[in-house]
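# Examining the three-dimensional arrangement
Take a look at the letters that make up each chain.
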Amino acid sequence: MKSRLERYFQFQELGTNWRTEILAGVTTFVTMAYIIFVNPSILHETGMPLEAVVAATCLCAAFGSILMGTLARYPVALAPGMGLNAYFTYSVVKALGVPWQTALGAVFLSGLAFLVLTAAGIRQMIVSAIPFDLYAAVAVGIGLFIAFIGLRNSGIITGSSATLVTMGNLRAPNTLLSIFGLLLISALLAWKIRAAILIGILGTAGLGAVLGLVRWQPETYSFTSITATAFQLDIRGALRYGLIEIVFVFLFVDLFDNIGTLVAVGKEARLFDQTGRIPRVNRILFADATATIVGSLAGTSTVTSYIESAAGVVAGGRSGVTAITTGLLFAVAMVVAPLVGAIPGAATAPALIVVGSLMIAHAVEIPWKDPVLAVPAFLTIVTIPLTFSIANGLAFGFTAYTILKVARGQFREVSWLVYLLTLLFIARFFYLGSG
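Residues numbered from 1 in each chain as written. Predicted model: local features only at pLDDT ≥ 70, side-chain atom pairs only at ≥ 80, totals over all residues. Heavy atoms only, no water.

### Describing the overall build of the protein
A count of helical and extended segments in the protein gives 20 helices and four strands. Burial status across the protein gives 55% buried among its 435 residues. Carbon and sulfur atoms make up 66% of the accessible area of the protein, which totals about 18700 Å². (Helix = DSSP H or I, 4+ residues; strand = E, 2+ residues; numbered from the N terminus. Buried < 20%, exposed > 50% of the residue type's maximum accessible area, 1.4 Å probe, protein only. Areas by Shrake-Rupley, 256 points an atom, 1.4 Å probe, with all protein chains shown as cover.)

Structure, rendered in structure tokens:
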């Protein structure tokens, strides 16, 4: 059996072994385990029960990562996507007033659309049609969006009728605790500690407990807590609300998250073949789509590939065993659910700020000296956090890109699919007017 597994996961061809793969899986887990705390803290603001979301987060991360490792055989871990959970909470539920059950229905529909588009080969066609520079800009814009939310939740910034935002009360105990957490996580990252974000969250929460800033009483917990969100999605409601735009954003952003992650991890792990393509890419996309559907059924936002998988690759991970190990650890992590109530917002806010700062790295992929690409990229980056909407950022970026290409006389370089997406965005502007 051991020999068969080694042949299936191509240990000899990839030059790896069980010890290396398992250690790489552990490395990936500790690098991205912050999602266990951060995702529930964001989705809880919609009114979703905290412990249920923790269980759902661990469940779909375990399922998605194990499926990716088993089916696609790549060292890529999956979990609810940062940015997508913020869009789910702040843009869909809180801004539009959509019930979280209906929003989960929209996530389910986007996952179903993923499966159909993957089977038809359309997802691959979209990838080849969209300029790389624009989805790099989307990643940067989402990073600023996440950081903005973290700064607000920490109390470092606050609302202002005169200047929209202003400095918060830096002497407030919870704000000082957040600043400590930000410095702690940053210092750990500077020392290249793999689990810097996770250690920072726990360390900040521990200090908060010592200072009496954490108010938590132990509660009896069992995995059955997930029933508060499992199968609570409202698919009919999503269709009745006419949330096509929301489904599209879930679909669109997840597509770019996955492609960006696969390119980054693929280069590091040397997964590309001689033609510059990733073998078994359809299996990768299938695993992602299926995990999103399972996530919506369990009670969490869109599941996507995690760039933190690169940490496991750097540690030597090359096969699906790395992802399977990460998935098994997420399954074990479900026992931490009773402790999550002790994690204050002041401890998770620094993690949002740091994760946002790490996503800014994609800005170097944008050719800033070319106005035809730089202006759309800039509009995408700026409008996502300033309008508190990823959809607005995508709309501005695509529209500006197409108009500038036509104005420059390069209209033949724009694919029909980009023209179609641009027309949809323009129609959105006229239809919605704002927001």
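Here the narrative resumes.
### Let's talk about the packing of helix α5 (residues 50-72) against helix α14 (residues 281-298)
Packing of α5 against α14 brings their axes to within 9 Å, and their N-to-C directions diverge by 160 degrees. Comparing their axes, α14 and α5 come out roughly antiparallel. α14 is crossed by α5, and the crossing has right-handed handedness. Residues A56, L59, C60, F63, G64, L67, M68, L71 and A72 of α5 form the contact with α14, whose own contacting residues are R283, I284, F286, A287, T290, A291, V294, G295 and A298. (Axes fitted to C-alpha atoms, helices over the stretch in contact; angles between N-to-C directions. Parallel < 35°, antiparallel > 145°, perpendicular 65-115°, else oblique. Left-handed = near helix turned anticlockwise from the far one by under 90°. Contact = heavy atoms within 4.5 Å.)

### Comments concerning helix α19 (residues 390-407)
Helix length check: α19 (18 residues) gives 26 Å between terminal C-alpha atoms against 26 Å at 1.5 Å per residue, within 8%. Judged by how many residues are buried, α19 sits mostly within the fold: 13 of 18 residues are covered. G409, located one to two residues past α19, shows a positive phi value of around 80 degrees. (Expected span 1.5 Å × (residues − 1).)

### Regarding a nonpolar patch on the surface
A cluster of nonpolar side chains, contributed by M125, W416, L420 and L424, occupies part of the molecular surface with about 410 Å² of accessible area. With three residues, the single largest contributor to the nonpolar patch is helix α20 (residues 416-432). Looking at the secondary structure, you find M125 in helix α8 (residues 122-129). (Patch = residues over 30% accessible without salt bridge, like charges linked within 9 Å, V, L, I, M, F, W, Y side chains within 5 Å. Salt bridge = Lys/Arg side-chain N within 4 Å of Asp/Glu carboxyl O.)

### Details of the environment of G316
Along the chain, G316 turns up in the loop between α15 (309-314) and α16 (320-332). When its relative accessible area of 18% is taken as the criterion, G316 is described as buried. In this structure, the C-alpha to C-alpha distance between G316 and I22, residues 294 residues apart in sequence, is 9.6 Å.

### Considerations on the pattern of salt bridges
Scanning all chains against the criterion turns up three salt bridges. We note a salt bridge from K405 to E413, for which the minimum N-O separation is 2.8 Å. Accessibility expressed as a relative area gives 9% for K405, which makes it buried. By relative accessible area, which is 53% here, E413 ends up exposed. One continuous salt-bridge network, built from bridges that share partners, spans E45, K94 and R152.

### Describing the pairing of strand β2 (residues 157-160)
In regular strands, side chains alternate between the two faces of the sheet. Sheet topology places β2 next to strand β3 (residues 164-167); four bridges connect them, and they run antiparallel. Across the sheet, S160 pairs through a bridge with L164, a residue of β3. (Pairing = 2+ DSSP bridges.)

### Things to note about helix α18 (residues 371-386)
Between its first and last C-alpha atoms α18 spans 21 Å; for 16 residues at 1.5 Å apiece the expected length is 22 Å, and the two agree. Listed in full, the buried residues belonging to α18 are V372, L373, A374, P376, A377, T380, I381, T383, I384 and P385.

### Let's talk about the packing of helix α11 (residues 196-210) against helix α17 (residues 345-359)
Contact pair α11 / α17: the axes reach a minimum separation of 8 Å and the direction vectors enclose 155 degrees. Our classification of the angle between α11 and α17 gives roughly antiparallel. Of the two elements, α11 crosses α17, and the hand of that crossing is right-handed. On the side of α11, the interface is formed by I197, I201, T204 and A205, while α17 contributes A346, A347, A351, V354, V355 and L358.

### A word on the packing of aromatic side chains
Overall, the coordinates contain eight aromatic pairs when judged by the stated rule. For the pair F29 and F330, a centre-to-centre distance of 5.0 Å together with 80 degrees between the ring planes defines the contact as edge-to-face. Remark: F330 occurs in helix α16 and F29 occurs in helix α3 (residues 18-32); sequence separation between them is 301 residues. By the burial criterion, F29 is buried, and F330 matches it. Taking the centre distance of 5.4 Å and the plane angle of 85 degrees together, the rings of Y87 and F250 count as edge-to-face. (Phe/Tyr/Trp six-rings, centres within 6.5 Å; stacked < 30°, edge-to-face > 60°.)

Bear in mind that shape data such as this cannot, by itself, settle questions of function.
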